[in-house]
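# Notes for the structure review
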Amino acid sequence: MVDAAIIRRVVTVNTEHGLHIRPCSLIAKAAQRYSSQVWVQKDQTRVDARRVLELLTLAAGPGAELELQAAGSDAEAVIDELSRLFETNFIDAEPSPVPSA
Amino acid sequence: MLVKRGIAVSPGVAIGPAMVFGTENFRIPRRVVSRDAVELELQRFETALAAVCHEIELNEKLAADRLGAQYAAIFGAHLMMLRDGELIAQIEALIRQKSFSPEFAVSRILRQYAHRFQNLGGQYLAERAADIYDLEKRILRHLLGEAREELQHLMAPVVILAHNLTPSETANLDRKFVLGFATEVGGHTSHTAILAGALEIPAVVGVGSFLNDVSGAETIIIDGTSGEVILDPDEDTLMRYRASEARYRSFTKRLETLRHLPAETRDDVSIELLGNIEFPAEAEHARQRGAEGIGLYRTEFLYLESNREPTEEDHYQAYCEVLRAFPKEPVIIRTLDLGADKMPGSLRSSYPDSVNPALSVRSIRLSLLHLELFKTQLRAILRAGVHGDLRVMFPLIASLLEFRQARMILGDVMEDLDEQGVPFRRDMPVGMMVEVPSAALLAEEFAREVDFFSIGTNDLIQYTLAVDRADPAVSKLYQAGDPSILRLIQMVVAAGRRRGVPVSICGQMSSDPLYLPLLIGMGVRKFSVTPHAIPELKEVIRSLTIARAEKIASRVEAMEVARDVESFLRGELSRRFGDSVRGVPQQSESELDAGAASASV
């Protein structure tokens, strides 16, 4: 994979409890539907977006800035879908989050 | 140091490091597997993983139905974690490349994540570590199964502490490495207790909740004679018990020398000592202990071990295995003795649990209601009969009609075998257990029709005194020495003598050195006992004359209450043997204390 082919977009975590288990699983589920490689980077740490366990280790709290990265034929599309998850606070994709998880 | 007290079920002292089997704790049995087992182990991992995923899906659905979608999402996330291809690849790589066992590989990888979460800081992620541990447990549970395989893969001597051990777990304990065990639940007559005695592993059951006080690996003392379990003993206690452990060992060594000596009284009357067993594998052990045959082979385990009904072949193979240990000696098989409380799988639903199981469909009544079940067993018994001196015995006979019915069905089965040209033992002796007072009262009438009697004292006492010994509220009233019990036994012995029908005793009372002189004095010459008690009973027999035994019996005959009988017999025993013959622990210390206290009033 050539580095130049990577598409990047910065998003902000706005959920009350940060990037907890449910948002992580929604990101992973979405990322798995595409053929592109997808990563989420926080500071110096970059993890595979298709892996819930890895996403959790980012420990991204409320207000954290993350960079979504994707490389592959459908890179645009997956970045679009993931950004939408962040913009809608992960609400549209699934029923309302667990209260005060 | 913490001292706990339970029910002593298998004598001896065990000192060693604790190994705790909680309901949720799993110990990884081994780190590596052999190279050629790798493919098999990978498959085992896949199967376990699939099962766990299925389990979580069910939980997800359940949560969705009951709590709402947002709660179900938690399980959805768990599922996502487990379906993480990279995670699975990591685990599989450890199994494939390093020959790690799936259990070890799973634990290793998942714990790495759990530690990462814990180290990242923050309450939320630390709590996610708990999710990971939960997943680890789920997978391990599937990998290790209900059988808790680790019990079979011990590498160093340990003392096992558990909430409960199933009978088959107990039967499979490796005597090389299991020094002793203590369980939170269980009682005297639980099969686990009986098996511990048979395996000669010091054991204490019914300790009550204590596992939370143990972290594992600390030193534990189990005194299977007094019922004490000592956690983290101090130096003094440890020294005291090491001495008593050594004493006990030399005592059993001495008994060992009795193995090849005959069970004869000082005036040369021989007493027949047979063994009680539950599993075919115990037959060999019984022989080594000096049993002259099997007086009671309980066949229930064939039904309880698995969920399917045993086939005729299962029965046949089990009986043949026992006959291999005793090819010429008598082997008495008791037909199915299960009740409403313990029912083989397929029948479980046919009986409501609201009835009193002790007075409901159990034992021979169950067999007579389910003829196919009964006939399958009888066929196997008759067929195996050609390989040795096999005999059949019906349990819990309460009326002549019942015995006749059972015998008639045996006749039907013989006819079937005859027609099919299958070889079987035609002159199979047919006996009955005397466990219901009605059977003892009608012993004269029964004696005309049976080939032998076997008195089952456990049930006879329960039905005569109306006491369930497993019920702590009344267990003190359960007294083998009650004159009513002795009189019923006397009736059976007398009827047997008049009609030339052999009488043996096979309840727990017969394994107790306390009652042996009395029973011999009453005319009993045949006992079926827990095999490990044989050497000790032999020692008692060899010190006795018939004249003395009869004198004991006539003294006891005049007594009116169990307390007097027991204290008289105890005096007799200690006069003769001091403390060396302690017997199968039958009573807890507190029961003894209560007896002594009331005697002094």
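Look above for the structure.
Presented here is an overview of the structure given in this document. (Residues numbered from 1 in each chain as written. Chains lettered and ligands numbered in written order. Predicted model: local features only at pLDDT ≥ 70, side-chain atom pairs only at ≥ 80, totals over all residues. Heavy atoms only, no water.)

### Observations concerning the overall build of chain B
Across its full length, chain B carries 23 helices and 16 strands. With 601 residues in all, chain B has 56% of them scored as buried. Counting only contacts in chain B whose residues sit at least 6 apart along the sequence, the fraction spanning at least 24 positions is 69%. As displayed, chain B has an accessible area near 26200 Å², and 51% of this comes from carbon and sulfur atoms. (Helix = DSSP H or I, 4+ residues; strand = E, 2+ residues; numbered from the N terminus. Buried < 20%, exposed > 50% of the residue type's maximum accessible area, 1.4 Å probe, protein only. Contact = heavy atoms within 4.5 Å. Areas by Shrake-Rupley, 256 points an atom, 1.4 Å probe, with all protein chains shown as cover.)

### A short note on the nonpolar core
All names here are of chain B. F394, F453, I489 and F527 are the most contacted members of the largest nonpolar core, which totals 102 residues. Among the elements that make up this core, the one with the highest residue count is helix α14 (residues 400-419) (eight residues). Residues contacting I489, with those up to four places away along its chain left out, are I455, T457, L460, I505, M509, L519 and M522. (Core = buried A, V, L, I, M, F, W, Y, C linked by side-chain atoms within 4.5 Å.)

### Points about unusual backbone geometry
Only a minority of non-glycine residues have a phi that is not negative, and only a minority of peptide bonds are not trans. Residues and elements named next belong to chain A. Of note in this structure, A59 is not a glycine but carries a positive phi near 50 degrees. Mapped onto the elements, A59 comes out in the loop between α2 (52-57) and β4 (65-71). In the Ramachandran plot, N89 falls in the positive-phi region, its phi being about 60 degrees despite a non-glycine side chain. As for its position among the elements, N89 is in the segment after α3 (75-87).

### Re the interface of chain A and chain B
Taken together, the contacts link 19 residues of chain A with 22 residues of chain B. Of all residues in chain A, I21, R51 and L53 of chain A give up the largest surface area on contact with chain B, accounting jointly for 34% of the area buried on that side. Run the count over chain A and chain B and you get two salt bridges. E54 of chain A serves as the salt-bridge partner of R116 of chain B, at 3.3 Å between the closest nitrogen and oxygen. (Buried area = accessible area lost by both parts, 1.4 Å probe. Salt bridge = Lys/Arg side-chain N within 4 Å of Asp/Glu carboxyl O.)

### Digging into the packing of aromatic side chains
Aromatic ring pairs are described here by two measures, namely the spacing of the ring centres and the angle between the planes. Here the structure, examined in full by the defined rule, presents five aromatic pairs over all chains. Geometrically, the ring pair formed by F394 of chain B and F403 of chain B is edge-to-face, given 6.1 Å between the ring centres and 65 degrees between the ring planes. For F394 of chain B, a relative accessible area of 0% corresponds to the buried category. Linked through ring pairs, F374, F394 and F403 of chain B together constitute an aromatic cluster. The ring of W39 of chain A has R46 of chain A lying over it, and the distance from NZ or CZ to the ring centre is 4.0 Å. (Phe/Tyr/Trp six-rings, centres within 6.5 Å; stacked < 30°, edge-to-face > 60°. Lys NZ or Arg CZ within 6 Å of the ring centre and 35° of its normal.)

### Quick word on the pattern of salt bridges
Following the criterion strictly, the structure yields 38 salt bridges over all chains and no others. Ionic pairing is found between R51 of chain A and E54 of chain A, a salt bridge with its closest N-O pair at 3.3 Å. Exposure class is identical for R51 of chain A and E54 of chain A. Each is buried. Each of E300, R334, D337, R362 and D459 of chain B takes part in salt bridges that share partners, so that together they form one network.

### Side note on the side chain of T57 of chain A
With respect to the helices and strands, the residue T57 of chain A is situated in helix α2. On the basis of relative accessibility, which here comes to 8%, the residue T57 of chain A falls in the buried class.

### Considering the sheet that holds strand β3 (residues 13-21) of chain B
Residues and elements named next belong to chain B. Here eight strands make up an open sheet; going across it, the order is β1-β8-β7-β3-β4-β5-β6-β2 and the pairing mixed. At either end of the open sheet lies a strand with only one pairing partner, and these are β1 (2-5) and β2 (7-10). The average undirected angle you get between the axes of adjacent strands in this sheet is 30 degrees. Two strands pair when backbone bridges link them, and β1 and strand β8 (residues 228-231) are joined in this way by four bridges, in the antiparallel orientation. Following the sheet pairing, V3 is matched in β8 by I230. Contacts from helix α8 (residues 235-256) reach β3, β7 (219-223) and β8, with the element oriented near 115 degrees to β3. (Pairing = 2+ DSSP bridges. Axes fitted to C-alpha atoms, helices over the stretch in contact; angles between N-to-C directions.)

### Description of the sheet that holds strand β3 (residues 45-48) of chain A
Residues and elements named next belong to chain A. Ordered in space as β1-β4-β2-β3, the four strands form an open sheet in which the pairing is antiparallel. The outermost strands of the open sheet, each flanked by one partner alone, are β1 (7-12) and β3. Across the sheet, the axes of successive neighbouring strands diverge by a mean angle of 25 degrees, strand direction being ignored.

### A few points about the packing of helix α21 (residues 546-557) of chain B against helix α22 (residues 562-577) of chain B
Residue and element names in this part refer to chain B. Where α21 meets α22, the closest approach of the two axes is 10 Å, and the angle between their N-to-C directions is 155 degrees. In terms of orientation, α21 lies roughly antiparallel with respect to α22. Considering only the axes of α21 and α22, their crossing is right-handed. Here α21 contributes R548, I552, R555 and V556 to the contact with α22, which in turn contributes V565, F568, L569, E572, R575 and R576. For the contact of α21 with α22, the residue count by class is five nonpolar, no polar and five charged. (Parallel < 35°, antiparallel > 145°, perpendicular 65-115°, else oblique. Left-handed = near helix turned anticlockwise from the far one by under 90°. Nonpolar A, V, L, I, M, F, W, Y, C, P; charged D, E, K, R; others polar.)

By themselves, these observations are geometric and do not establish any function.
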